[in-house]
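# Analysis of the macromolecular model
Listed below, chain by chain, are the residues.
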Amino acid sequence: METLMVDRVHGSLRLFMHRNAVFLCERLCAQFPSETNVQLLATCYLHNNQPYAAYHILKGKKLPESRYLFAMSCFRMNLLREAEDTLCPVNEPNIEVPNGATGHYLLGMIYRCTGRMSAAAEQFTQALTLDPLLWAAYEELCILGVAEDADECFSEATALRLQQEHASTSALEKSNFANENRILSSSLPSSLGDIIPNQMKQLHANNTAEVPGYPHARATALRVQNSTTSNVAQFDTPSPAATQTSSIVPPPLFRNVHAYQTTISGDAPTKQKANGANQPLRRKYLDEARLKKVSGRLFNQSSDSMPRRSARLSRETTINSNSNSNLSQFGGNGTDHSSGSRYEVIDEMWTDNVPATSSTASTTEGRFFEQDKAERIMSQESKVAIGIRELLGLLRTLGEGFRLSCLFKCQEALEVFRKLPESQFNTGWVLCQVGKAYFELVDYLEADHYFELAHRLSPCTLDGMDIYSTVLYVSEITAVQLLATLTFIYKLACFVIFLQHLNAEMRLSYLAQELISIDRLSPQAWCAVGNCFALRKDHETALKNFQRAVQLDSRFAYAHTLCGHEYSALEDYENSLKFYRCALQVDERHYNAWYGLGVVYLRQEKFEFAEHHFRRAFQINPRSSVLMCYLGMALHSLKRNEEALDMMEKAIAADKKNPLPKYQKALILSGLQKYAEALEELERLKEIAPHESSMYALMGKIYRQLNILDKAVFCFGIALDLKPPAADLAIIKSAMEKVHLPDELMDDDL
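Just so it is clear, the model here is predicted, and its values are computed rather than measured.

## Brief notes about the UniProt feature "repeat: TPR" (unreviewed entry) in the protein
Under the UniProt annotation, the feature "repeat: TPR" (unreviewed entry) is placed at residues 101-134, 523-556, 557-590, 591-624 and 693-726. Note that residues 523-556 is 79% helix and 0% strand, and that its end C-alpha atoms are spaced 7 Å apart. With 79% helix and 0% strand, residues 591-624 has its two end C-alpha atoms placed 10 Å apart.

Structure below.
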């Protein structure tokens with residue numbers, strides 16, 4: 001009963017019938033309250049999204065598996081301290097972390113969520129050491145920015161180690177199989193005819209569950225049990241009468257149920273032989289099976305092997321002449337090819353443990369048997385080795401691309417991802433990584449293309465869709481964080497897609513609706529909805545949607561950052577700072593939050609704080625032209641003009657299409673009274689941003705300082721014609737009216 005219930009629970013879990021699994025497992029634990037069954041019930045609760053129930057039944061349990069499941073329940077309930085104490089108790093410093101690699105990975109996640117990044121990196125590294133194929137651990141190391149090169153992690157040495165582990169596991173399983181077969185054979189009664197199919201199934205399951213030291217005993221038992229009914233039924237003849245009267249039964253079922261698959265055919269015997277004929281027939285069956293193992297042929301073998309087989313059958317016929325009629329129950333005589341294959345090649349673990357009953361087996365046949373077995377083992381090991389190397393090669397490419405992307409070496413990451421085969425490149429995950437790389441490179445056209453392709457190929461994949469919605473977002477959400485005179489120029493720098501995709505608002509709205517319809521409980525969907533309202537400058541409604549994303553997943557750093565942006569747009573700087581800091585508590589390397597903090601401090605004229613936070617963002621993403629520019633602006637505000645100019649030069653070199661650093665460089669040069677150099681920079685700026693009013697206003701001011709009044713008036717006039725922001729309009733008009741006034745009456749508002 002217990003075995004059957006465990007089987008049904010696992011079957012329900014495999015079929016995602018979680019409520020059914022919970023119900024059956026509760027009955028199982030009531031009848032058989034072992035800790036192993038309690039662990040299974042906790043697993044059912046976790047699958048059914050009931051971590052509190054798993055927490056309740058596992059509290060106080062000491063077995064490693066119970067501790068792991070309890071820690072997982074605590075983690076899902078955000079009881080991080082209790083989860084940590086369970087995995088590595090303070091009063092037991094030498095106790096091992098349960099569940100090996102996955103246990104260390106879970107402990108690393110706990111450390112990361114509590115801000116202990118170095119300890120988290122150690123745990124992820126340990127997890128990857130124990131299981132080199134635990135991709136999630138390598139992914140976390142990349143996110144933390146401390147992952148080693150993928151070539152080192154997924155190296156040839158790793159391949160050899162995995163191959164050795166596979167060989168050791170296979171040898172252990174074969175040894176356990178052999179032990180189980182001996183146990184099963186010794187436990188069978190002398191007369192097998194009295195065992196009904198259900199009894200055979202139960203006997204097999206019991207022996208499977210009792211084998212000590214076999215790590216996959218439960219899973220194998222379930223797999224065999226699910227297949228046993230059909231295999232037992234194959235030994236039943238089409239005639240009910242024959243089934244009831246026959247005393248001849250097949251050999252017992254072993255762990256590898258594919259060892260023999262009988263196709264029933266032939267006429268049922270008309271008479272039943274005496275029980276005394278049972279043993280010779282069993283010996284004949286085993287000997288014939290052994291011969292088939294040697295030759296590698298089935299009953300319907302080719303003609304070149306027929307003479308040796310016929311001779312063997314002739315000898316057996318002489319020995320068992322009185323038993324031939326009983327053979328029809330297994331499909332007639334051996335030369336009848338019209339009835340098809342009688343059964344598959346006997347499994348090597350079965351034949352290796354069957355005692356030799358035929359004294360006629362030749363030395364040549366023995367050598368052939370050993371050679372055939374060795375060739376099959378070598379072939380299997382070769383396939384395993386090739387498979388391991390192919391898998392590690394794939395992980396090596398994916399891992400290196402992801403590592404470079406997390407280090408914001410986006411161009412190098414793109415080159416690595418392009419090395420992937422087409423079947424792997426055209427997948428949702430890879431295309432999203434490519435889209436993110438182009439997003440960081442401020443190439444929004446390409447980012448849009450790859451995100452759209454990823455969404456089309458994998459419409460239900462939500463990871464990365466928050467970034468996609470930001471690509472489509474073309475409003476002034478970030479512009480309000482800038483100085484008022486830089487609003488339009490920043491929009492040109494960061495949202496080029498606005499000029500080339502006029503239907504972006506419609507596409508963003510459609511994306512948000514689609515994501516909500518797929519999973520309204522995903523933070524990515526609510527970020528997209530929030531961006532829709534931010535696009536319409538409805539910042540309060542946008543803020544509510546971003547806060548909804550935070551409620552759904554408090555560890556989603558980008559949602560915290562978007563909340564900070566909206567509070568900044570509403571000039572609620574206190575709450576803005578609060579959400580930026582929350583984002584950094586989740587992910588210390590989330591450079592957008594550091595940047596947001598810097599912008600707030602810059603607007604509050606706390607230039608030292610602004611410089612610190614911009615520098616932290618720049619250290620994380622040292623290739624961002626925007627971050628370089630803002631750091632230069634903070635340095636200029638601190639009167640560190642040489643450093644500011646150097647940073648602006650780096651920003652211009654990093655992205656020649658970004659007009660913002662060119663404008664800032666001209667502004668700094670103008671403040672240093674290097675008017676000729678400033679005008680030269682502004683002339684270059686006109687080539688990439690010919691319709692920027694702030695640029696013409698600055699040119700007008702410089703010409704006024706050089707006393708070239710006609711050009712000053714001309715530039716101020718163009719600036720007004722370009723419809724500057726309302727905050728700039730009055731300043732430009734005032735400057736234009738004062739062009740002909742003495743220098744001491746001029747102001748420095750521009």
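Still more to cover.
## So, the nonpolar core
Side chains that are nonpolar tend, in soluble globular proteins, to be buried together. In terms of nonpolar packing, the biggest core is built from 116 residues, with Leu106, Tyr138, Phe154, Phe425, Val434 and Phe451 touching the most fellow members. The residues contacting Phe451, other than those within four sequence positions of it, are Cys432, Gly435, Lys436, Gly464, Met465, Ile467, Tyr468 and Val471.

## Some details on the environment of Arg19
Relative to the helices and strands, Arg19 resides in helix α2 (residues 18-31). What makes Arg19 exposed here is its relative accessible area of 69%.

## Here's the deal with helix α37 (residues 675-688)
The terminal C-alpha atoms of α37, which comprises 14 residues, lie 21 Å apart, in line with the 20 Å expected from a rise of 1.5 Å per residue. Inspection of α37 places Tyr675, Ala678, Leu679, Glu681, Leu682 and Leu685 among the buried residues, and these make up the whole buried set. Take α37 and look down its axis: the buried residues cluster within an arc of 160°, on one side only. In α37, the exposed positions angled more than 90 degrees off the buried face are occupied by Ala676 and Glu687.

## What about the side chain of His104?
Relative to the elements of secondary structure, His104 occurs in helix α7 (residues 100-113). The residues contacting His104, other than those within four sequence positions of it, are Val97, Gln123, Gln126, Ala127 and Leu130.

## Regarding the packing of helix α36 (residues 659-671) against helix α38 (residues 693-705)
For any two helices packed against each other, one specifies the inter-axial angle together with the distance between the axes. Following both chains from N to C, one finds α36 and α38 inclined at 20°, their axes separated by 11 Å at the closest point. Compared by their axis directions, α36 and α38 come out roughly parallel. Like other packed secondary-structure pairs, α36 and α38 cross with a definite hand, here left-handed. Every residue of α38 that contacts α36 at Tyr663, Ala666, Leu667 and Ser670 is listed here: Ser694, Met695, Leu698 and Ile702.

Thresholds, definitions, all that
Residues numbered from 1 in each chain as written. Predicted model: local features only at pLDDT ≥ 70, side-chain atom pairs only at ≥ 80, totals over all residues. Heavy atoms only, no water. UniProt positions renumbered as here; feature names shortened; annotations may be inferred. Helix = DSSP H or I, 4+ residues; strand = E, 2+ residues; numbered from the N terminus. Core = buried A, V, L, I, M, F, W, Y, C linked by side-chain atoms within 4.5 Å. Buried < 20%, exposed > 50% of the residue type's maximum accessible area, 1.4 Å probe, protein only. Contact = heavy atoms within 4.5 Å. Expected span 1.5 Å × (residues − 1). Arc of directions from axis to C-beta. Axes fitted to C-alpha atoms, helices over the stretch in contact; angles between N-to-C directions. Parallel < 35°, antiparallel > 145°, perpendicular 65-115°, else oblique. Left-handed = near helix turned anticlockwise from the far one by under 90°.

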